[in-house]
Amino acid sequence: MLDATHAALTPAPSAPAVIRREDYTAPAWTVPTTTLDFALDPAVTRVRARLSVERSGAHDLPLRLDGAGQRIVSVAVDGVSVNEWRIEGEQLVLPLPGDAHVIETEVEIAPERNTQLMGLYASGGNLCTQCEAEGFRRITYFPDRPDVLSTYSVRMTADKARFPVLLANGDPVAQGDNDDGTHWAEWHDPFPKPSYLFALVAGDLAVNRGTFTTRSGRTVELGIWVREADLPKTDHALHALKLSMAWDERVYGREYDLDVFNIVAVDDFNFGAMENKGLNIFNSRYILADPDTATDYDYDAIAAVVAHEYFHNWSGNRITCRDWFQLSLKEGFTVYRDQGFSADQGSAAVKRIEDVRGLRAGQFPEDASPLAHPVRPESYLEISNFYTATIYNKGAELIRMMATILGPERFRAATDLYFERFDGTAATCEDYVACMEEAGGVDLSQFRLWYSQAGTPRVSVSLEHEPGSGRATLNLAQKVPDTPGQSNKQPQVLPLKIRLFGAETGEALTDEQLVILSDASASVTFETIPERPIVSLNRGFSAPIVIESDRTAADLAFLARHDDDPFARYEAMQQLMLDTLVAATIEGKADHEAVIAAVADTLDNPELDPAFVAEAVLLPSESFVGDQMSTVDPNAIHDAREALRRDLGRELEARWRTAYEAGSGRAYAHTPEDKGRRRLRNVALGYIAASGAADAAKLAYAQFADADNMTDRQGALTTLVGTHSEERDAALDIFYQRYQGNSLVLDKWFQTQALSSADDTPQLVAELARHPDFSLANPNRARSLIGAFGVNQRAFHAEGGAGYRWLADQLIALDALNPQTAAKLLPPLGRWRRFDPTRAALMRAELERIVAHPGLSKDLFEQASKSLE
Ligand code: ARG
Ligand code: ZN
């Protein structure tokens, strides 16, 4: 009753404007040069901007500068203070008589009150910026769109004791002291860039320096800037940076172009990192590492993100995006490039498995949800909502498919053409594909549907064999599912790597072939196939699709044993596990024999790399099993999966113990071999615990207590957290005490508990939200609890809907501080269609409550309202 009255009195928020790709028009005014002068102060920073502007083409449109949240002090045109300006919405609109003018503005902003972490903000006592996508307008008035490229000169003045280090884009020009305790520095970036690549940092920072000599002999000064105490944790990032610079020269022919390259780590950051020209700013979790605080996974993620941001210097900065609908032009391509880099550092097969696992965990569900969108979207309310797995990871798969179709030499020729032709410009996805076509000598007309059609294609496969004639026929049929606003889709171009193996002999019956399926259905025939063939399909995950095949459990077990493509081998094992778990969930029947035999075989094979074995023997996650079902029953899935885990643990206990022992008793070393052993050891520990062995908690606790590195310690903690034991509570306590004050490690403490499969996770998570170390103001901390809980299928969907209510409460509270980070955590609520009517109604009710909340950001409004459709 009270609520209803309140709702009636609250004015409906005016609907945010839809931005459409088809409405793109070139900028009416360009800004060849930009000069910025910052008087930096956390409470009030004064920003003076001097823009040279030029009318572009014949028109009489006024100059429109974007702004947000600043206090305007003065506006001058050609040196004269003027009053003929107006504010329309958040734009500063200036009618200008001539074709070229100089605009000067002065504004004030308040970095320490900036909780959204967009624009100029304070983090850990330092000042830093984040401008992509539309943060620059929160710093000064500017045409804040990626196709306005300008050359920047920046001057910063700040208190010298508090902010001894002053950094900006490009190269340092000059610096000096003032008499009043302040100092100043000037930086100049010779490369024209869009405003989203602007950055500055002012702080009390220490630096780990290095140098890199480019292939043409230029020496680049490298610097990783962190707080003094973190300096010992920066060697890995610096090393990864040097490897990345050499790799991009070798593999893509791309050389670095400035005299300095700086990276700054900050604790409060909305996402992973940012590729600002010459001054990358990173979430500290993607820089800081030492064996005591970072897992092997963290080390790999650091190298991958350092590489990613570095590679953006060409794929993103030298060539940027014309508009934000083209975001995947830089992100998809750059993810593809960083994946290639990581594959070259260790096992390419394991890297591909990890990437596909990530795609299935993050992008496939998005493609099947109300938030599904094409790799090149048609419209948005808030661009921050489109930094998605579809843009990044599916986008990378599109590049990979084109590379597969072209082959390595022609792909390299095509990227050379792209970098040469579009250097210094703001380009489109179409420009990229046209280069692939031209240098590759292929027609990609139909391939372009990958950019415009959302949804994960499904391919059904059957194989027939006539023993008499020796002919085998592979029948393929594809279907692209409907997604919001898109139905009756056209067939796409699917590059499928396939190979046939003989069911009797285990021999390969054909070479690997690339079959391009571009029709709704097609058949491929093979002659002189002497025995019943089994098809190994979509090898290397050559197309990002779902396969529905008629292969039996025996066929899959066969491939898991004999396939020569490690990815296909892994895939066969996963499919076997998935089929087993789906059958057990639906029919309640538990036939575990085939999986147990295949896992045993894999563990017994001395030729396999332990890192591969660790991946191959892991069961698909509960949510991935749920993704296969029309109605998800979280408890049935959990029970089925736990039963299989227990049987695997029991039946193969001796083998798990052998694998466990093989990884034990070695001092920490960060080599690929040791990483593989640690990974398999942690997986083995999980199965020993799943078996119900009486000593499991003791074993895990001993690993926890004796660990000389975080991989072992966190692996043991994860296993303990899933048990009900006194060891669990002791370990959580010790871990907390030991790492109090280390926020990155405390994030792990929160996250491990929120991901736990134990029965009491929902209550525990609610309690953790009241823990003194929990805070919504720090995005890493918010994600470690809220984000992890949202993907814990069983806990989040526990009967009664308390999890849904809790998530909605957290999102509403977080939205008031940081809309972008809140909106990122909403998608689990949008999956209501996949659940039973009771759960679906509870989930919808929370979405409706969010949408109706007064003062909601457009970020969260867009995600919640679309999720209800
Ligand atoms: N360009 C950055 C990167 O991928 C990420 C920027 C994310 N921005 C955002 N508004 N979510 O390296
Ligand atoms: Zn990126």
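As the structure is a computational prediction, the values presented were derived from the model and not from experiment.

Conventions and cut-offs
Residues numbered from 1 in each chain as written. Chains lettered and ligands numbered in written order. Predicted model: local features only at pLDDT ≥ 70, side-chain atom pairs only at ≥ 80, totals over all residues. Helix = DSSP H or I, 4+ residues; strand = E, 2+ residues; numbered from the N terminus. Rg over C-alpha atoms; globule rule 2.2 N^0.38 Å. Contact = placed C-beta atoms within 7 Å. Buried ≥ 20, exposed ≤ 12 C-beta atoms within 10 Å, placed from the backbone. Pairing = 2+ DSSP bridges. Axes fitted to C-alpha atoms, helices over the stretch in contact; angles between N-to-C directions. Near = placed C-beta within 6 Å. Parallel < 35°, antiparallel > 145°, perpendicular 65-115°, else oblique. Nonpolar A, V, L, I, M, F, W, Y, C, P; charged D, E, K, R; others polar. Expected span 1.5 Å × (residues − 1). pLDDT = per-residue confidence, 0-100. UniProt positions renumbered as here; feature names shortened; annotations may be inferred. Core = buried A, V, L, I, M, F, W, Y, C linked by C-beta atoms within 7 Å.

Engineer: Just to check I follow, could you spell out the overall build of the protein for this structure?
Structural biologist: The secondary structure content of the protein amounts to 28 helices and 31 strands. In terms of overall dimensions, the protein is globule-like: its C-alpha atoms have a radius of gyration of 28 Å, near the 29 Å expected for 869 residues. Viewed in the frame of its principal axes, the protein has a C-alpha envelope of about 90 × 70 × 65 Å. Summarising the internal contacts of the protein: among those between residues at least 6 apart in sequence, 69% fall at separations of at least 24.

Engineer: What exactly am I supposed to notice about the environment of Ala788 here?
Structural biologist: Locating Ala788 in the fold gives a position in helix H23 (residues 779-790). A tally of 21 C-beta atoms within 10 Å means that Ala788 is categorised as buried. Along the primary structure Ala788 and Ser756 are separated by 32 residues, whereas in three dimensions their C-alpha atoms are 9.3 Å apart. Sequence-distant contacts of Ala788, defined by excluding residues within four places in its chain, comprise Gln751, Ala754 and Leu755.

Engineer: Explain the sheet that holds strand S11 (residues 126-130) to me, please; I cannot follow it from the model alone.
Structural biologist: Strand pairing in a sheet relies on backbone hydrogen bonds. The paired strands run either parallel or antiparallel. Taken in spatial order, the four strands line up as S10-S11-S16-S13 in an open sheet, and their pairing is antiparallel. The open sheet has two edge strands, strand S10 (119-123) and strand S13 (165-168), and neither has a second partner. Put simply, the sheet's adjacent strands are angled 20 degrees from each other on average, direction ignored. Across two bridges, S11 lies against strand S16 (residues 200-203) in antiparallel orientation.

Engineer: What should I look at first to understand the site of ligand 1 in this one?
Structural biologist: Neighbouring residues of ligand 1: Glu132, Ala133, Asn270, Phe271, Ala273, Met274, Glu275, His308, Glu309, Glu331, Ser384 and Tyr387. Listed by contribution, the elements that provide at least two residues to the shell around ligand 1 are strand S20 (273-274) and helix H3 (296-311).

Engineer: What am I meant to see in the packing of helix H4 (residues 327-345) against helix H6 (residues 389-406) here?
Structural biologist: Between two packed helices, the angle of one axis relative to the other and the distance separating the axes together describe the packing. It is at 7 Å that the axes of H4 and H6 come closest, and there the two elements cross at 70 degrees. One way to sum up the angle between H4 and H6 is to call them roughly perpendicular. In this structure, H4 contributes Leu327, Ser328, Glu331, Gly332, Phe333, Val335, Tyr336 and Gln339 to the contact, and H6 contributes Ile391, Tyr392, Asn393, Gly395, Ala396, Leu398, Ile399 and Arg400. Partitioned by chemical class, the residues of the contact of H4 with H6 number nine nonpolar, five polar and two charged.

Engineer: Explain helix H19 (residues 710-721) here, please?
Structural biologist: Given 3.6 residues to a turn, an α-helix orients residues that are three or four positions apart in the same direction. Under the 1.5 Å per step criterion, the end-to-end length of H19 is 16 Å for 12 residues, consistent within 8% with the ideal 16 Å. Counting buried positions over the 12 residues of H19 gives 12, a clear majority of the element. Among all positions of H19, only Met710, Thr711, Asp712, Arg713, Gln714, Gly715, Ala716, Leu717, Thr718, Thr719, Leu720 and Val721 are buried. In this structure, the buried residues of H19 make contact with H3, helix H17 (672-690), helix H18 (696-706), helix H20 (726-739) and helix H21 (743-754).

Engineer: What's the story with the confidence of the model for the protein in this structure? I'm lost.
Structural biologist: Caution is warranted with low-pLDDT regions, since their predicted coordinates should not be read in detail. Per-residue pLDDT for the protein has a mean of 97; in total, 98% of the residues score no lower than 70. pLDDT under 50 marks residues 1-13. Its contacts with residues more than four places away, or in other chains, come to three contacts.

Engineer: I tried to follow the UniProt feature "domain: Peptidase M1 membrane alanine aminopeptidase" (unreviewed entry) in the protein on my own but got confused; where do I start?
Structural biologist: Sequence positions flagged by UniProt for "domain: Peptidase M1 membrane alanine aminopeptidase" (unreviewed entry) are, in local numbering, residues 237-447. A helix fraction of 55% and a strand fraction of 9% characterise residues 237-447, whose end C-alpha atoms lie 37 Å from each other.

Engineer: Would you mind going over the nonpolar core with me for this structure?
Structural biologist: Soluble globular proteins tend to bury their nonpolar side chains together. By size, the foremost hydrophobic cluster in this structure holds 232 residues, and its most contacted members are Met156, Val201, Val264, Ile281, Ile287 and Ile302. The residues contacting Val201, other than those within four sequence positions of it, are Asn126, Leu127, Cys128, Leu167, Val264, Leu279 and Ile281.

Engineer: How should I be thinking about H21 in this particular structure?
Structural biologist: The terminal C-alpha atoms of H21 lie 16 Å apart, and with 12 residues this matches the ideal 16 Å at 1.5 Å per residue to within 8%. For H21, a buried count of 10 out of 12 residues is recorded, marking the element as mostly surrounded by other parts of the structure. When we look at burial in H21, the residues that qualify are Leu744, Leu746, Asp747, Lys748, Trp749, Phe750, Gln751, Thr752, Gln753 and Ala754.

Engineer: Is there a simple way to explain the UniProt feature "domain: Peptidase M1 alanyl aminopeptidase Ig-like fold" (unreviewed entry) in the protein in this structure?
Structural biologist: With numbering aligned to this structure, UniProt lists the feature "domain: Peptidase M1 alanyl aminopeptidase Ig-like fold" (unreviewed entry) at residues 455-549. Measuring from the first to the last C-alpha atom of residues 455-549 gives 19 Å, for a span that is 0% helix and 49% strand.

Engineer: Where do I start with the sheet that holds strand S7 (residues 86-88) in this structure?
Structural biologist: Taken in spatial order, the three strands line up as S4-S8-S7 in an open sheet, and their pairing is antiparallel. Of all the strands in the sheet, the pair left with one neighbour each is strand S4 (63-66) and S7. Direction aside, the axes of adjacent strands within the sheet are offset by 30 degrees on average. As defined by bridge partners, S4 adjoins strand S8 (residues 91-94) across four bridges and the pair is classed as antiparallel. Within the sheet, the bridge partner assigned to Leu65 lies in S8 and is Leu92.

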